[in-house]
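Structure at a glance
Spelled out from the first residue to the last, the chains are:
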Amino acid sequence: AQKVTQAQTEISVVEKEDVTLDCVYETRDTTYYLFWYKQPPSGELVFLIRRNSFDEQNEISGRYSWNFQKSTSSFNFTITASQVVDSAVYFCALSASDSNYQLIWGAGTKLIIKP
Amino acid sequence: DAGVTQSPTHLIKTRGQQVTLRCSPKSGHDTVSWYQQALGQGPQFIFQYYEEEERQRGNFPDRFSGHQFPNYSSELNVNALLLGDSALYLCASSDTSGRLTDTQYFGPGTRLTVL
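Heads up: these notes are all about the structure in this document. The residue count restarts for each chain, going from 1 along the sequence in the order it is written. Whichever chain is written first is A, and whichever ligand is written first is 1; the rest continue in order. Thresholds applied to this predicted model are a pLDDT of at least 70 for local features of residues and 80 or more for the giving and counting of side-chain atom pairs; totals over whole chains, interfaces and linings are not thresholded and use all residues. Just so you know, side-chain values use all the structure's heavy atoms and leave hydrogens and water out.

A look at the overall build of chain A
Helix and strand definitions follow DSSP, with helices as H or I runs of at least four residues and strands as E runs of at least two, each counted in order from the N terminus. Tallying secondary structure elements over chain A gives zero helices and 12 strands in all. When its helices and strands are written in sequence order, chain A yields β-β-β-β-β-β-β-β-β-β-β-β. Atoms counted for the radius of gyration: C-alpha only. Globule rule: 2.2 Å times the number of residues to the power 0.38. Radius of gyration (C-alpha) of chain A: 14 Å, near the 13 Å computed for a compact globule of 115 residues. With the principal axes as the frame, chain A shows a C-alpha extent of 45 × 25 × 20 Å. Residue burial considers only the protein chains on display, and all accessible areas are found by Shrake-Rupley using a 1.4 Å probe. Looking at chain A as shown, the accessible area adds up to about 5,500 Å², and 48% of this sits on carbon and sulfur atoms. His residues and chain termini do not enter the charge count, which takes Lys and Arg as positive and Asp and Glu as negative. Taken as the charge centre is NZ of Lys, CZ of Arg, CG of Asp or CD of Glu, depending on the residue. Side-chain charges in chain A split into 10 positive and 13 negative, and the spacing between the mean points of these groups amounts to 2 Å.

Written out as structure tokens, the structure is:
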């Protein structure tokens, strides 16, 4: 069975601190896709990144970076120098053939950035 | 380039009524997926439409039905509303052209309240 675990229900940090959101996934497939989405209070899910299972390169996009480690089945997300606008719920999701490529979602991590 | 749009933004219905939600996909996208998101939870997959047919379905009762039009826009219909149907309904579009693995982009959602 496929599963995505985001163990951190809520994280609160002060602005400018670095913060890492954890994501651990389970799948028996060798080819799969991992995603991070941001959901601000407005409700819209904003796509942040997609990573294929055969590409373990870490990625950096401005203040955002992602660490993909197949050995530990983790796909963690780090925000450097956090800002108040980063406050949102962040979801990690998995897509694989086991679920006919339906997105399997984690429970989300609520990130609160205090000024 | 317009993103995914949904209407209405908010809706209030009473138990037993029927509701129709609408979604226009991102320009160039041919596939529409619908999700239900209860408060404090991750999205739950309802179904996906491609080429005007339901291609995949999640674990939702037949009260939930949909339609896709030739211009790729889509409707979600829910009959015999229950209090438990109160949720944020999200539409996502993707350019799959037959592939199931493409990234989904989400609309702002419709907040449905059933009284």
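Don't stop here, the text continues.
Some words on the pattern of salt bridges
Each salt bridge in this description consists of a side-chain nitrogen of Lys or Arg and a carboxyl oxygen of Asp or Glu lying within 4 Å of one another. This structure, assessed with the given rule, holds seven salt bridges over all chains. The closest approach of N and O atoms between Glu-54 of chain B and Arg-57 of chain B, which form a salt bridge, is 3.0 Å. Throughout, exposure labels follow a simple rule: accessible area from a 1.4 Å probe, protein chains only, divided by the maximum for the residue type, with under 20% read as buried, over 50% as exposed, and the rest as partly exposed. Overall, Glu-54 of chain B belongs to the partly exposed group, its relative accessible area being 34%. Taken together, the shared-partner salt bridges in this structure form one network comprising Arg-51, Asp-55 and Glu-59 of chain A.

Comments concerning the state of the cysteines
Criterion for a disulfide: a pair of cysteine sulfur atoms within 2.5 Å. The final tally for this structure, using the stated rule, is two disulfides over all chains. Between Cys-23 of chain A and Cys-92 of chain A runs a disulfide, and the two sulfur atoms are separated by 2.0 Å. Because the torsion about its S-S bond is -65°, the bridge between Cys-23 of chain A and Cys-92 of chain A counts as left-handed. With Cys-23 of chain A in the loop between strand 3 (19-21) and strand 4 (24-26) and Cys-92 of chain A in strand 10 (residues 88-96), this residue pair connects regions lying 69 residues apart in the sequence. Comparing Cys-23 of chain A with Cys-92 of chain A shows no difference in burial state: the two are buried. Linked covalently through their sulfurs, Cys-23 of chain B and Cys-91 of chain B form a disulfide whose S-S length is 1.8 Å. Since a negative S-S torsion denotes a left-handed disulfide, the Cys-23 of chain B-Cys-91 of chain B link at about -60° is left-handed.

Describing unusual backbone geometry
Of the consecutive residues Ser-7 of chain B and Pro-8 of chain B, the connecting peptide bond is found in the cis state with omega at -10°. Mapped onto the elements, Pro-8 of chain B comes out in the loop between strand 1 (5-7) and strand 2 (10-13). Phi is positive for Lys-16 of chain A, which is not a glycine, with a value near 85°. With respect to the helices and strands, the residue Lys-16 of chain A is situated in the loop between strand 2 (10-14) and strand 3. By relative accessible area, which is 68% here, Lys-16 of chain A ends up exposed. The phi torsion at Glu-52 of chain B lies on the positive side, around 65°, for a residue other than glycine. Within the fold, Glu-52 of chain B resides in the loop between strand 5 (44-50) and strand 6 (53-57). Relative accessible area serves as the criterion here: at 42%, Glu-52 of chain B is assigned to the partly exposed category.

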